[in-house]
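Working through the structure, step by step
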Amino acid sequence: QKSNAHFAVVPVLWKDFFCTPEPASKSLTASAGNNPLENRPASLMPKVNRKRNKPSSDGPASARGHRGIEFHKSKGQHILKNPLIVNSIVEKSGLRPSDTVLEVGPGTGNMTVKLLEATKRVIAVEVDPRMVVEVNKRVQETSMEKKLQLIHSDFLKLELPYFDVCVANTPYQISSPLVFKLLAHRPLFRCAILMFQREFAMRLLAKPGDPLYCRLSVNTQLLARVDHLIKVGKNNFRPPPKVESSVVRIEPRVPPPPINFLEWDGLVRVCFQRKNKTLAAIFKNKSVLNMMRAYSDIAEDGGAPTVAGRDAGFSAMVLVDDEENMEEGKGGGNDNDDDMEDDEEGGDDAPVSLKERVMALLEKGEFSTRRSSKMDISDFLALLKLFNENGLHFA
């Protein structure tokens, strides 16, 4: 029988294996028995919430993007950062290898690079000198450098060169002037793929009877066909805007309608001052009658607008269509009739004979009870023809 002398049982505590030895300098009075939390199971120990402080979406950090550039919301700088959206816009542009593309506001060049890969030449117009430097850096010492013409200028003040297709992530503040500047360009381009604030895009597309149907809708659809392509959420931009966006395709009508655009714009402005009122009520307004009398007198003296001058008239028209410009997060255009004051009707100095003449024409054309909000382009063209043929003008 073997002796058990060498196998004396020594009591061992499990904590001796897992606890870190106390330093020798530690006081004996601070023993484990004096701390009630030391022997508590880990599952019962209080949890410490350690949350990282994320920068506010409105702070400076969120406005910084490519290489630390700070984007200015006041200038409409919202850079499209989602490569899937960029690729989708390029694909829907229907670009050809021989095309010259006009890009408005290239930003840091995310879309510019894709356009250069798909086309013969890209003309990029940028007003911010910092972005000009960034785009140059993106293509410097590459095969795309010779295909890019970068213009540092304000787009609205620039005489546009020839181009086949226009692509733009449009600054919201210049949406309306940009559209009509493009449509006034000659020779006409094939199409434009433009990003707009969602509400502005819906105004471009609105049909008679829609709440958003307005002068912008009529003027744009007179000159071009407008199609909605894709919706773009605000989180696809850096910094994110306050509103959602949409991409639309604008295809100019070839040839343009053979009308004088100053006359057309004068009529449409009158009709959409109070789009939900009847035309009879609108044309009884003293200021409207005085305006018509003044232009009609000029026409009688040989100054009536002619179709030959329609392009010059159109160029003037597009620069004054500013009521539909939309700031970020704000609607455009005031379509509420109650918010507008009516001018006096009648009066001693009112052109009574002209008023009766206008009312008779509206009755003859069955326009008296019509409302602008329910009239389409063919209706406005017929109304303009009716007035012009009877010596009444709007420009």
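Above: the structure in question.
In short, a report on the structure.

Cut-off values and rules
Residues numbered from 1 in each chain as written. Predicted model: local features only at pLDDT ≥ 70, side-chain atom pairs only at ≥ 80, totals over all residues. Heavy atoms only, no water. Core = buried A, V, L, I, M, F, W, Y, C linked by side-chain atoms within 4.5 Å. Buried < 20%, exposed > 50% of the residue type's maximum accessible area, 1.4 Å probe, protein only. Helix = DSSP H or I, 4+ residues; strand = E, 2+ residues; numbered from the N terminus. Pairing = 2+ DSSP bridges. Axes fitted to C-alpha atoms, helices over the stretch in contact; angles between N-to-C directions. Parallel < 35°, antiparallel > 145°, perpendicular 65-115°, else oblique. Left-handed = near helix turned anticlockwise from the far one by under 90°. Contact = heavy atoms within 4.5 Å.

This part is about the nonpolar core. The nonpolar side chains of soluble globular proteins are, as a tendency, buried together. Membership of the largest hydrophobic core comes to 65 residues, with the highest contact counts inside it found for Leu 102, Leu 182, Leu 194, Phe 283, Val 358 and Phe 387. Judged by nonpolar contacts, the second largest core, of 26 residues, contains Val 86, Val 165, Ile 230 and Phe 237.

Once that is clear, we can look at the pairing of strand β2 (residues 100-104). Taking burial as the measure, the five residues of β2 include five buried ones, the bulk of the element. Here β2 shows no split at all, with Thr 100, Leu 102 and Val 104 on one side and Val 101 and Glu 103 on the other all buried. Of the strand pairs in this sheet, β2 and strand β3 (residues 121-126) are connected by five bridges, and their pairing is parallel. Each bridged residue has a counterpart across the sheet, and for Val 104 the counterpart in β3 is Val 125.

You can see Val 218 is positioned in helix α7 (residues 215-223). The exposure class of Val 218 is buried, given its relative accessible area of 1%. As for Val 218 and Met 375, which are separated by 157 residues in sequence, their C-alpha atoms are 9.5 Å apart.

Between helix α2 (residues 83-92) and helix α3 (residues 110-118), whose axes approach to 10 Å, the crossing angle comes to 40 degrees. Between α2 and α3, the interaxial angle falls into the category oblique. Of the two elements, α2 crosses α3, and the hand of that crossing is right-handed. Residues Val 86, Asn 87, Ile 89 and Val 90 of α2 form the contact with α3, whose own contacting residues are Asn 110, Met 111, Lys 114 and Leu 115.

Residues spaced three or four apart along an α-helix face the same direction, because each turn holds 3.6 residues. All buried positions along helix α6 (residues 198-205) are accounted for by Phe 200, Ala 201, Arg 203, Leu 204 and Leu 205. In this fold, the buried residues of α6 make contact with α5 (175-184), β6 (191-197), α7, β7 (224-232) and β9 (245-252).

On to the sheet that holds strand β5 (residues 165-169). Ordered in space as β4-β3-β2-β5-β6-β9-β7, the seven strands form an open sheet in which the pairing is mixed. Single-partner strands in this sheet number two, and they are β4 (148-152) and β7. The mean angle between the axes of side-by-side strands here comes to 20 degrees, regardless of whether they run parallel or antiparallel. For β3 and β4, the ladder comprises five bridges, and the chain directions are parallel. Counterpart to Val 122 in the pairing with β4 is Leu 148. In the packing of α3 onto the sheet, the strands contacted are β2, β3, β4 and β5, and the crossing angle to β2 comes to about 175 degrees. Sheet contacts for α5: β2, β5, β6, β7 and β9; angle to β6, the most-contacted strand, approximately 170 degrees.

Moving on, we come to unusual backbone geometry. If a residue is not glycine, its phi is most likely negative; likewise, a peptide bond is most likely trans. Following Arg 186, the chain continues into Pro 187 via a peptide bond in cis, with omega recorded as 0 degrees. Mapped onto the secondary structure, Pro 187 falls in the loop between α5 and β6. The linkage connecting Arg 238 with the following residue, Pro 239, adopts the cis geometry, with an omega of -10 degrees. With respect to the secondary-structure elements, Pro 239 resides in the loop between β8 (237-238) and β9. The backbone of Glu 141 sits at a positive phi, close to 60 degrees, despite the residue not being glycine. Here Glu 141 shows up in the loop between α4 (129-139) and β4. Exposure remark for Glu 141: the relative accessible area of 75% places this residue in the exposed category. Positive phi, close to 60 degrees, is recorded for Glu 366, a residue that is not glycine. Inspection of the secondary structure puts Glu 366 in the loop between α12 (352-364) and α13 (377-389).

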